[in-house]
Amino acid sequence: MALFALGDAVDLTDVAIQKIFLKETDLEKKTYFDKYFNVEKGVTDRLLKDSSISGLGSASRIVENAVVVSEAPVQGYDKTYTQVSYGKLLPVTKEMWKFGIKKRSLERVAQSLKNACLRAREELCADRLDQSFATSYTKVDDGGSYSVSTTGGNSVELVSNAQTREDGGTNNNNRVTDGTTVNMDFDYDAIKAAHRTASLILDPKGKNMDINIDTFIFKKGTANYFRAQEILGAIRAGGKSSLPKSADNDASGTPAFKVLDLPYISSNTAYWWGFDSSMVGSEYGLQYKESQGIQLEGPNVVFKTDEIQYKATMLFDIGFNDYRNWVGSKNTNAA
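Note that the structure is predicted; figures quoted are calculated from it, not measured.

Undergrad: So, the overall build of the chain: which residues are in play, and what are the values?
TA: Looking only at helices and strands, the chain has 5 helices and 12 strands in total. Here the contacts in the chain between residues at least 6 apart in sequence split such that 74% fall between residues at least 24 apart.

Here it is as structure tokens:
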């Protein structure tokens with residue numbers, strides 16, 4: 001176990017140094033996960049399972065003296081959420097606490113534990129987009145490595161051209177395509193293709209839905225993000241040309257949208273995603289289920305050694321049952 005002792009930060013007890021600063025980003029100032037996850041707090045069960053049942057299709061014409069056509073709903077998919085504990089411990093020697101941290105008024109170093117939890121939560125949530133074209137991935141943290149399943153209620157990844165339907169009908173596709181090119185790179189044509197892709201997603205009974213992609217997500221600082229800002233600027237300016245269908249007038253025919261730039265995407269930085277924010281809720285999209293928010297505990301003093309311990313923990317699970325308000329692209333212009 002790592003123990004914060006005098007030798008780890010000798011400057012803290014060096015009387016020749018007058019000022020010591022604790023340099024760490026205040027992660028509480030801005031959260032990202034709650035912008036694209038449906039957040040449910042106050043969970044009281046370790047295991048949560050949700051399911052659904054479809055509505056009915058469309059009404060049929062009734063000819064004179066005919067029997068009204070009957071129809072039954074279909075069962076939706078099940079998804080289980082299992083609460084997982086995450087945390088970090090900060091052990092400090094008595095000498096380091098008394099002559100280093102306490103003397104330098106750096107007691108808020110213990111608050112870094114809370115930041116460690118905030119950072120882990122953002123990373124875990126962003127991983128679900130980072131790995132949205134996969135059914136599982138290997139997560140590596142300070143505790144080791146473990147496998148994470150990323151499938152939804154239909155046992156398919158978040159973005160796929162093989163999203164099975166509850167009624168057994170033709171699979172849905174939510175990989176951005178214009179009908180020819182798949183996983184399009186982000187530009188005017190890709191925005192239009194994202195809307196086209198969403199418009200072709202059918203409900204559990206094979207009926208059209210009203211999905212409106214209004215938010216796009218990118219890795220912070222990437223070319224896709226800046227291209228999105230350029231397109232938004234052109235949209236606000238109303239396009240350049242008065243000639244319909246001209247190459248420099250695409251902005252006038254492209255719907256405005258919101259941008260979420262995620263700093264926590266770590267692997268697939270060229271990927272991009274779109275979702276209908278009006279559909280964020282318990283029925284559709286990514287879910288965050290929390291039974292315990294971030295708790296800072298301590299100090300706990302070990303009797304034998306006078307070691308001082310602080311700890312921060314949290315309990316939650318993430319996942320999704322129904323993908324239908326999401327589309328995504330690998331940005332490759334190829335399958």
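Now that the structure has been shown, the text picks up again.
Undergrad: Mind laying out helix α4 (residues 188-199), listing which residues take part and the relevant values?
TA: Helix length check: α4, at 12 residues, gives a terminal C-alpha distance of 17 Å against a target of 16 Å (1.5 Å per residue), a fit within 8%. By the burial criterion, the buried members of α4 are Tyr188, Ala190, Ile191, Ala193, Ala194, Thr197 and Ala198. For α4, the elements touching its buried residues are β7 (215-219), α5 (223-237), β9 (272-275) and β12 (326-329).

Undergrad: How would you sum up the layout of surface pockets? Please name residues and give values.
TA: Of the voids in this model, the largest pocket is the one considered here, and its volume is about 470 Å³. What lines the largest pocket is a set of 19 residues, among which Gly87, Lys88, Ala120, Asp141 and Asp142 lie closest to the centre. Elements that contribute at least two residues to the lining of the largest pocket include exactly β4 (84-92), α3 (112-130) and β5 (136-141). When the residues that make up the lining of the largest pocket are grouped by side-chain class, the tally is 10 nonpolar, 3 polar and 6 charged. Taken as a whole, the second largest pocket spans an internal volume of roughly 270 Å³.

Undergrad: Kindly report on the nonpolar core, identifying the contributing residues and their values.
TA: The biggest cluster of nonpolar side chains holds 63 residues, and the ones touching the most others in it are Tyr36 and Leu129. The contact partners of tyrosine 36, leaving out residues within four places of it in the chain, are Cys125, Ala126, Leu129, Ile217, Leu260, Leu262, Phe275, Leu286 and Trp326.

Undergrad: Which residues make up the side chain of lysine 139, and what are the values?
TA: With respect to the element layout, lysine 139 can be found in strand β5. A relative accessible area of 13% means that lysine 139 is categorised as buried. Side chain to side chain, lysine 139 and aspartate 127 meet in a polar contact 3.1 Å long. If sequence neighbours within four positions are ignored, lysine 139 has contacts with Glu123, Leu124, Asp127, Gly144, Ser145, Tyr146 and Val148.

Undergrad: Before we move on, could you go through the sheet that holds strand β8 (residues 258-262) and cite the residues and values that matter?
TA: Strands sit in the order β8-β7-β9-β12 across an open sheet of 4 strands; the sheet is mixed. Edge positions in the open sheet fall to β8 and β12, since each of these has one partner strand only. Mean inter-strand twist for the sheet, computed between neighbouring axes without regard to direction, equals 20°. In this structure, β9 lies alongside β12, joined through 4 bridges in antiparallel fashion. The residue of β12 that forms the bridge with tryptophan 272 is serine 329. In the packing of α4 onto the sheet, contacts are made with β7, β9 and β12, and the angle to β12 comes to roughly 140°. The sheet strands contacting α5 are β7, β8 and β9, and the helix crosses β8 at an angle near 160°.

Undergrad: Before we move on, can you summarise empty space enclosed by the protein with the specific residues and values?
TA: For the coordinates displayed, the defined rule picks out 2 cavities of 30 Å³ or more. For the second largest cavity, the calculated volume is near 40 Å³. Taken together, Arg128, Gln131, Ser132, Thr150, Leu158, Leu286 and Phe320 form the lining of the second largest cavity. For the lining of the second largest cavity, a count of residues per class yields 3 nonpolar, 3 polar and 1 charged.

Undergrad: How would you explain unusual backbone geometry if you had to name every residue and give the values?
TA: For serine 155, which is not glycine, the phi torsion reads 65° and is therefore positive. Assignment of secondary structure puts serine 155 in the loop between β6 (144-149) and α4. By relative accessible area, which is 56% here, serine 155 ends up exposed. Although it is not a glycine, aspartate 306 sits at a positive phi angle of roughly 65°. Checked against the element boundaries, aspartate 306 lands in the loop between β10 (286-301) and β11 (308-320). For aspartate 306, a relative accessible area of 32% puts it in the partly exposed group.

Undergrad: Tell me about the packing of aromatic side chains, and please be specific about residues and values.
TA: Applying the stated rule across the entire model yields 15 aromatic pairs. Seen in terms of ring centroids, phenylalanine 186 and phenylalanine 257 are 6.3 Å apart; in terms of plane orientation they differ by 85°. Their pairing is edge-to-face. With a gap of 71 residues between them, phenylalanine 186 in the loop between β6 and α4 and phenylalanine 257 in the loop between α5 and β8 connect regions that are remote in the sequence. Each of the two residues, phenylalanine 186 as well as phenylalanine 257, counts as buried. Each residue in the set Phe186, Phe216, Phe218, Phe257 and Trp272 is aromatic and connected to the rest through ring pairs, giving one cluster. It is lysine 289 that lies over the ring of tyrosine 81; its NZ or CZ is 5.2 Å from the centre.

Undergrad: Break down the sheet that holds strand β1 (residues 38-40) for me, with residues and values.
TA: Overall, mixed pairing links the 4 strands, which are arranged β1-β10-β11-β4 in an open sheet. Every interior strand has two partners, whereas the edge strands, β1 and β4, have only one. Neighbour to neighbour, the strand axes of the sheet diverge by 25° on average, direction disregarded. Bridge analysis of β10 against β11 gives 11 bridges, and the strand direction is antiparallel. Note that in β11 the partner of glutamine 287 across the bridge is glycine 319.

Cut-offs applied
Residues numbered from 1 in each chain as written. Predicted model: local features only at pLDDT ≥ 70, side-chain atom pairs only at ≥ 80, totals over all residues. Heavy atoms only, no water. Helix = DSSP H or I, 4+ residues; strand = E, 2+ residues; numbered from the N terminus. Contact = heavy atoms within 4.5 Å. Expected span 1.5 Å × (residues − 1). Buried < 20%, exposed > 50% of the residue type's maximum accessible area, 1.4 Å probe, protein only. 1 Å grid on protein atoms, 1.4 Å probe; cavity = no way out; pocket = protein on both sides within 12 Å on 5 of 7 lines; lining within 4 Å. Points joined across faces, edges and corners; volume = space filled by probe spheres on them. Nonpolar A, V, L, I, M, F, W, Y, C, P; charged D, E, K, R; others polar. Core = buried A, V, L, I, M, F, W, Y, C linked by side-chain atoms within 4.5 Å. Polar contact = N/O pair within 3.5 Å; in protein donor to acceptor, adjacent residues only side chain to side chain. Pairing = 2+ DSSP bridges. Axes fitted to C-alpha atoms, helices over the stretch in contact; angles between N-to-C directions. Phe/Tyr/Trp six-rings, centres within 6.5 Å; stacked < 30°, edge-to-face > 60°. Lys NZ or Arg CZ within 6 Å of the ring centre and 35° of its normal.

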